[in-house]
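# Topology and contacts: notes
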Amino acid sequence: VEDGADEDHFMLADMQEVDAGGTPLIGRKIENQYIHLTADGPFGGENLANLKGANPGDIRRVKLTAENGEITHYEVTARQISERILPELNDAFAKQSDIKAETMAELRVELGRRIQVAYDRESEQRLTRSIADHFVRNAKLETPASMVDNYLDNLASDLEKDGHPPESIDREALRTEHLASINWNIKWYLLRKALLAAEGIS
């Protein structure tokens, strides 16, 4: 699309989280995100009005509201604006797809199978996370300070690889922001290791 974004277009964009005053938050950037500009989605309403007319290189502000009512501000840098033109769903389309199918009926069956596999995988991941969370919450285990520091070193190193100058990285801010998830990950790493050994799981 050459004449600016409009409703039902797709915008390929970088999303940088900012505070209410517009200051970028370190480590809170999502690159190459596809945004569907639709009135009934998270980018509808005021966000849609702000994004309409954007061309590649333009920067627009949006705010997203979580289920708990918390508002997050983003600077959206447009990379590309696209319009979706859907093909006719027929056997010719089925043959052109990346799935080996001769007819639409065969394509639907295979897509249904793949969707079910994806949901089964997600269900198993959620169950595994719930089991791990049970152990982490109930175990009397202190997180070693040296492992927390090492985790923070790795976070800072990742930020440097993403192009952030070392002097701009606030380790205390990283510690405050990520400490809960750091503690959870380290505790589960140690507990999982102990469980595998105790139960003879290979």
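Scroll up for the structure.
Residues numbered from 1 in each chain as written. Predicted model: local features only at pLDDT ≥ 70, side-chain atom pairs only at ≥ 80, totals over all residues. Heavy atoms only, no water.

### A short note on the overall build of the chain
Along the backbone of the chain there are five helices and four strands. Written out in order from the N terminus, the α and β elements of the chain read β-β-α-β-β-α-α-α-α. Taken along the three principal axes of its C-alpha coordinates, the chain extends 60 × 50 × 35 Å. Per-residue burial over the chain gives 24% buried out of 202 residues. When contacts within the chain are restricted to residue pairs at least 6 apart in sequence, long-range pairs at least 24 apart make up 51% of them. (Helix = DSSP H or I, 4+ residues; strand = E, 2+ residues; numbered from the N terminus. Buried < 20%, exposed > 50% of the residue type's maximum accessible area, 1.4 Å probe, protein only. Contact = heavy atoms within 4.5 Å.)

### Section: the nonpolar core
The biggest cluster of nonpolar side chains holds 15 residues, and the ones touching the most others in it are Met11, Ile35, Leu37, Leu51 and Val76. For this core, the secondary structure elements donating two or more residues are β1 (10-18), α1 (45-51) and β4 (71-82). No other element matches the four residues that β4 contributes to this core. (Core = buried A, V, L, I, M, F, W, Y, C linked by side-chain atoms within 4.5 Å.)

### Focus on a negative patch on the surface
Residues Glu7, Asp8, Asp40 and Glu83 make up a contiguous surface patch of negative charge. Looking at where Asp8 falls in the secondary structure, it is placed in the segment before β1. For Asp8, a relative accessible area of 42% corresponds to the partly exposed category. (Patch = residues over 30% accessible without salt bridge, like charges linked within 9 Å, V, L, I, M, F, W, Y side chains within 5 Å. Areas by Shrake-Rupley, 256 points an atom, 1.4 Å probe, with all protein chains shown as cover. Salt bridge = Lys/Arg side-chain N within 4 Å of Asp/Glu carboxyl O. Lys, Arg positive; Asp, Glu negative; His and termini not counted. Charge placed at Lys NZ, Arg CZ, Asp CG, Glu CD.)

### Quick look at the packing of helix α4 (residues 145-161) against helix α5 (residues 171-199)
Here α4 crosses α5 at 120°, and the two axes come no closer than 9 Å. When the axis of α4 is compared with that of α5, the two are oblique. Considering only the axes of α4 and α5, their crossing is right-handed. Between α4 and α5, the residues in contact are Met147, Val148, Asp149, Tyr151, Leu152, Asp153, Leu155, Ala156 and Leu159 and Arg171, Leu174, Arg175, His178, Leu179, Ile182, Asn183, Asn185, Ile186, Tyr189 and Leu190, respectively. When the residues that make up the contact of α4 with α5 are grouped by side-chain class, the tally is 13 nonpolar, three polar and four charged. (Axes fitted to C-alpha atoms, helices over the stretch in contact; angles between N-to-C directions. Parallel < 35°, antiparallel > 145°, perpendicular 65-115°, else oblique. Left-handed = near helix turned anticlockwise from the far one by under 90°. Nonpolar A, V, L, I, M, F, W, Y, C, P; charged D, E, K, R; others polar.)

Any link to function would need more than the numbers given here.
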